[in-house]
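Now for the letters of each chain:
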Amino acid sequence: MSPPERLKDYSRESITFTNRAMIAFGFVVLLMLVLVSRVYYLQVVEHDRYAAISEKNRVQLQPVAPRRGLIYDRNGVLLADNRPNFSITLLKEEVRDLDATLAALGRLIELDERDIERFQTRLNQRRRPYETVPLRFGLTEDEIARISLNYHRLPGVQVEADLIRYYPHGASLVHALGYVGRINQRELGRVDEQNYAATHYIGKLGIEKFYEDILHGKVGFQKVETNARGRILRVLERQDPIPGRDLQLSLDLRLQQFTEQLLGDRRASVVAIEPSSGEILAMVSTPTYDPNLFVTGISSKDYNALRDSPDLPLFNRSLRGSYPPASTIKPVIALAALESGTITAEDEVWDPGFYQITRNGRRYRDWKRWGHGKVDLDLALAQSCDVWFYETGHKMGVVPMSDMLGRFGIGQDASLDQPEALTNFLPSREWKEGSRRLPWYPGDSINLSIGQGFLVMTPLQMATTTAVMANRGRWVQPRMLQGLLAESDGEPQPYAPMLNRKEKPADVVLKNPAHWDQVIEGMVSVMHGPQGTARRAGRDAPYRIAGKTGTAQVVGIAQDEEYDAEALEERHRDHALFVAFAPVDDPKIAVAVVVENGGGGSSTAAPIAREVMDAWLLGDYRNDLEASP
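Criteria and thresholds
- As a convention, each chain's residues are numbered from 1 in the sequence order in which they are written.
- This being a predicted model, a pLDDT of at least 70 is required before a residue's local features are given, and a value of 80 or more before pairs of side-chain atoms are given or counted; all residues contribute to the totals for chains, interfaces and linings.
- As a convention, hydrogens and water are excluded, and side-chain values are obtained from all of the structure's heavy atoms.
- UniProt positions are given in the numbering used here, feature names are shortened, and annotations may be inferred rather than shown by experiment.
- Burial classification: accessible surface area is computed with a 1.4 Å probe over protein chains only, and a residue below 20% of its type maximum counts as buried, one above 50% as exposed, and the rest as partly exposed.
- The contact criterion used throughout is that any non-hydrogen atoms of two residues lie within 4.5 Å.
- Centres within 6.5 Å make a pair out of two Phe, Tyr or Trp rings, where for Trp the six-membered ring is used; the pair is then stacked when the planes are under 30 degrees apart, edge-to-face when over 60, and tilted otherwise.
- Segments assigned H or I by DSSP are reported as helices when at least four residues long, segments assigned E as strands when at least two residues long, and all are numbered from the N terminus.
- Think of it as a cone above the ring: NZ of Lys or CZ of Arg counts as a charge over the ring if it is within 6 Å of the ring centre and within 35 degrees of the ring normal.
- Any two strands with at least two DSSP-identified bridges between them are counted as paired.
- Angles shown run from 0 to 180 degrees and are taken between the N-to-C directions of axes, each axis being a line fitted to C-alpha atoms and, for helices, limited to the stretch in contact.
- Criterion for a salt bridge: a side-chain nitrogen of Lys or Arg within 4 Å of a carboxyl oxygen of Asp or Glu.
- To count toward a patch, a residue needs a relative accessible area over 30% and no salt bridge; like charges are then connected within 9 Å, while nonpolar side chains (Val, Leu, Ile, Met, Phe, Trp, Tyr) are connected within 5 Å.
- Calculation of accessible area relied on Shrake-Rupley with a 1.4 Å probe; when residues are assessed, cover is drawn exclusively from the protein chains displayed.
- Working convention for charge: Lys and Arg count positive, Asp and Glu count negative, and His plus the chain ends are omitted.
- The atoms used to mark charge sites are NZ of Lys, CZ of Arg, CG of Asp and CD of Glu.
- Two N or O atoms form a polar contact when they lie within 3.5 Å of each other; inside protein one atom must be a possible hydrogen donor and the other a possible acceptor, and for residues adjacent in sequence the pair counts only when both atoms belong to side chains.
- Among the buried residues, those of types Ala, Val, Leu, Ile, Met, Phe, Trp, Tyr and Cys that are joined through side-chain atoms within 4.5 Å form a nonpolar core.

Caption draft 1: Broad picture of the UniProt feature "active site" (unreviewed entry) in the chain. UniProt's entry tags Ser327 with the feature "active site" (unreviewed entry), counted in the numbering of this structure. Among the residues examined, Ser327 registers a relative accessible area of 9% and is labelled buried. Setting aside anything within four residues of it in sequence, one finds Ser327 in contact with Ser384, Asp386, Ile450, Lys548, Thr549 and Gly550.

Caption draft 2: Geometry of the packing of aromatic side chains. Tallying each qualifying case throughout the model produces 14 aromatic pairs. On the numbers, 6.4 Å between centres and 35° between planes, the contact of Tyr355 with Tyr390 is tilted. One end of the pair, Tyr355, is in strand β14 (residues 354-356); the other, Tyr390, is in helix α16 (residues 386-396), with 35 residues separating them in the sequence. On the basis of relative accessibility, which here comes to 11%, the residue Tyr355 falls in the buried class. Grouping aromatic residues by their ring pairs yields a cluster made of Tyr179, Tyr289, Phe294 and Tyr303. Between the NZ or CZ atom of Arg254 and the centre of the ring of Tyr621, over which it lies, the distance is 3.8 Å. Positioned over the ring face of Phe354 is Arg363, at 3.9 Å from the centre of the ring.

Caption draft 3: Structural view of the sheet that holds strand β19 (residues 546-552). On the basis of which strands lie adjacent, the open sheet formed by five strands has the order β12-β11-β21-β20-β19 and antiparallel pairing. Each edge of the open sheet carries a strand with a single partner, namely β12 (280-286) and β19. Each neighbouring strand pair of the sheet contributes to a mean axis angle of 5°, computed without reference to strand direction. Pairing of strand β11 (residues 268-273) with strand β21 (residues 589-595) involves six bridges; the strand directions are antiparallel. Residue pairing across strands places Val271 opposite Ala592, the latter belonging to β21. Strands β11 and β12 of the sheet are contacted by helix α10 (residues 253-263), whose axis makes an angle of about 30° with β12.

Caption draft 4: Looking closely at the pattern of salt bridges. Overall, the coordinates contain 24 salt bridges when judged by the stated rule. When the shortest N-O distance is used, the salt bridge between Arg610 and Asp614 registers 3.0 Å. With a gap of four residues between them, Arg610 and Asp614 both fall in helix α24 (residues 601-618), about one helical turn apart. Given the relative accessible area of 6%, Asp614 is considered buried. With a shortest N-O distance of 3.0 Å, Arg622 and Asp620 are connected by a salt bridge. Under the relative-accessibility criterion, Arg622 is labelled exposed at 56%. Asp620 sits in the buried class, given a relative accessible area of 15%. Salt bridges linked by common partners bring Arg68, Arg165, Glu208 and Glu212 together as one network.

Caption draft 5: Summary view of the environment of Trp388. Within the fold, Trp388 resides in helix α16. A sequence separation of 33 residues divides Trp388 from Tyr355, and the C-alpha atoms of the two residues are 9.0 Å apart. Not counting chain neighbours up to four residues away, the residues in contact with Trp388 comprise Ile343, Asp347, Val349, Val375, Asp376, Leu377 and Ala380.

Caption draft 6: A negative patch on the surface, seen in detail. A contiguous patch of negative charge on the surface is contributed by Glu110, Asp112, Glu113 and Glu117. Its location among the elements puts Glu110 in the loop between α3 (98-108) and α4 (113-124). For Glu110, a relative accessible area of 62% gives the class exposed.

Caption draft 7: Structural detail: α10. With eight of its 11 residues buried, α10 lies for the most part within the structure. On its buried side, α10 packs onto β3 (78-90), α6 (174-177), β11, β12 and α24. One side-chain oxygen at the N-terminal end of α10 lies 3.2 Å from the backbone nitrogen of Arg254; it belongs to Asp252. Positioned one or two residues after α10, Gly264 has a phi angle of 60°, which is positive.

Caption draft 8: A look at the side chain of Asp246. Inspection of the secondary structure puts Asp246 in the loop between β9 (232-239) and β10 (247-249). Among the polar contacts listed, one links the side chain of Asp246 to the backbone nitrogen of Leu70, at a separation of 2.8 Å. In this structure Asp246 touches Arg67, Gly69, Leu70, Tyr72, Gly483, Leu484 and Leu485, once residues within four positions along its chain are discounted.

Caption draft 9: Spatial organisation of the nonpolar core. By size, the foremost hydrophobic cluster in this structure holds 100 residues, and its most contacted members are Leu247, Leu249, Trp388, Phe408, Met469 and Phe581. Excluding residues that lie within four positions of it along the chain, Phe408 makes contacts with Val332, Leu335, Thr465, Val468, Met469, Trp475, Val508 and Trp516. Residues Phe258, Leu263, Val591 and Val612 belong to the second largest nonpolar core, which totals 33 residues.

Caption draft 10: Representation of the pairing of β12. In terms of burial, β12 is largely enclosed, as seven of its seven residues are buried. Where β11 and β12 come together, six bridges link them in antiparallel fashion. The partner of Ile273 across the bridge, within β12, is Ile280. From the end of β11 to the start of β12, which pair antiparallel, there are six residues, and Gly278 there has a positive phi angle of about 85°.

Here's what the structure looks like:
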C-alpha cells in the first residue's frame, strides 16, 4: 500500500522565496554600494590624480628645436645654411619589440651597423618621456613612402622633418667655419640640457663651436594631443622657439676660394688679415674636406680615408700647424737689434758666406755660399743675409730677441674667436731651463736670429705679427666675426662680449720710432729693390709692398754638404714661407703664406701672396700662376 501524498505548503514556500529574494536584493544593493563608492572614490576623491594621468596620456608637452642661425660672409653671401631633412625616429614607449622593429625597418630601408650603434647610444642617453630617438637621417622619398605604407605594422615608428646644417660651398670653408655634428653625451653634459631637449646637433669646430650659444637659439614648447599610439592629433598650445642669431663674418668668399685655387693640391696655408681692424679676410688650409659629411654622421669608410691620408686633410694648418718662421721673422729680430743698441741701420757686417763664434768653431753658413760681402740692415733684409743676423743675434743675446718676439704676440693666444689656435711658446733662457733642463747656448741665439731652432709659429701668428708690423706697433687682435645681423635692416651689430673677451696686448712702442721706417724700408727692398729676394713677385706692382721671404729646413744638412732638393724625398724638402703687407703707406692687407716642402719662399710662396694682394687691392682675380712656367 503506497504512502499518502504530502500536500504542498504554499505559505511556507512563499516565505522561503521572499527570504531568498531579500538576500539576493541585499547582495545586489551591496554590490551597487561598492560600485557607487568605487565610482565616488575614482570620480571625486581621486579625481585630480586620474585627471592628470588621463591628461598626460592624451596631452604631452614637447620641446620645439630653434632654427640655427645662418652665417654670411662680409658681402652677405650665405656660407652656412639650414635645409630640410627627413629622419626616421622611434618612440620607445610605443615600441613593443625593439629588436623586431629594427629588423623590420632593416628590410624596408638601408640600415648599417653604425646606424644601429649610434641609435643604441642615443637611446641610452638621458631624455624626456615620449621623446623620439632618431635612428637614421637623410631619408629619400622612396624610403619615406615604404615606411608610410607600413606604419600599421610599426608602432612607435615615425618619420620626422627637421632642419640640418648645410654648407653650400663645401670644402672651401671648413677650416675657417668648422662644422656642426650630432651631439654626444659628453657635449650634452656641458650645455643647458633643457635648451637642447629637441636638438640633435651642436657646433664641433671653429666658428660653429665658438659661437654655439648665439647660433643655437632658445628652445620652444608645444602642448599636443595624441592618440593611443602617441601620434599627434592637434596642437593645443605653442610657445615658439627663439631662433639663433645670424652672423656676418669678415671672410670674403671670393678671396677665400681664389686663394684655395692658387694653392691647388699643395699642403699649404694662407692667412690674410686687414691690419686696421684685425678682421680675417681669408684663412685657407689645404688639402681640405667636405664638412657636410660630418653633419649627420660620416661613414667609417669616408672617415678612415680622411684620417689615414698622408696629406692630413683634417689638420687645420692655419691654426694648428707649427712651422719654423725662418727668415720671415728677421724684421722683428732687426727691430730688437736696433732698439737694444746692438747695431745701427748703417753699420756693416762682413759676410764671407759663413759665421763662426770662435776661430775654429762650427761654421754657420749663409744661404749664399760665397757670401754677400759688406752688408748693412737694408741689404741684410733685402737679400736675407743670414750672417748679418748671426753676428747681430750673437752680440745681442737672447733677452732682447725674446722680449721683442713676445711683444709681437709670440707665445700668446692673441686671437679673439679662434679657439683651436695654438699659442706655441716663446723661446727664452727661462723657458729652456724650465722645459729642457739645459742652459741657453750662444748657438741657440744664432738659430733664433734666423727663425730656426726652438721658434715655431702658426700661419695665423705669422699674419698677426705682420699686421702689427704694418701698423707700426699698434695691436689689433685677429677676429672673424664682424657682427650679429639685425633682424630689421640686416646690418651687422658689434658683439661686445666677443670684443671684450680678452685684454688686448700692449702696443709695441719703440724708443726710437724711426726704427719702424728703417726695418719696413728693408722689407720694401725685398719686393722692389734691385737685389730683393722677392723682386720678381713684386715686379710691376702698382702699389708698394713690404715683404719677407723665408725657407725653413725640414731635415738637417751636414755642415760640409750642400742642399740638393732633387736628392731628397718631396716631404723632406724645405718649407716655403712668405709674409707681406700692402700698400706700405696705408696697409689694407697683411698676408702669411706657408707651403710645405715647397722649396724657396721667393719662388713658391711670394708669387701666391702677390696674387692674393692683387685680388684684394685691385680686384684682379686672374690666376697668373697657371700661366707662368
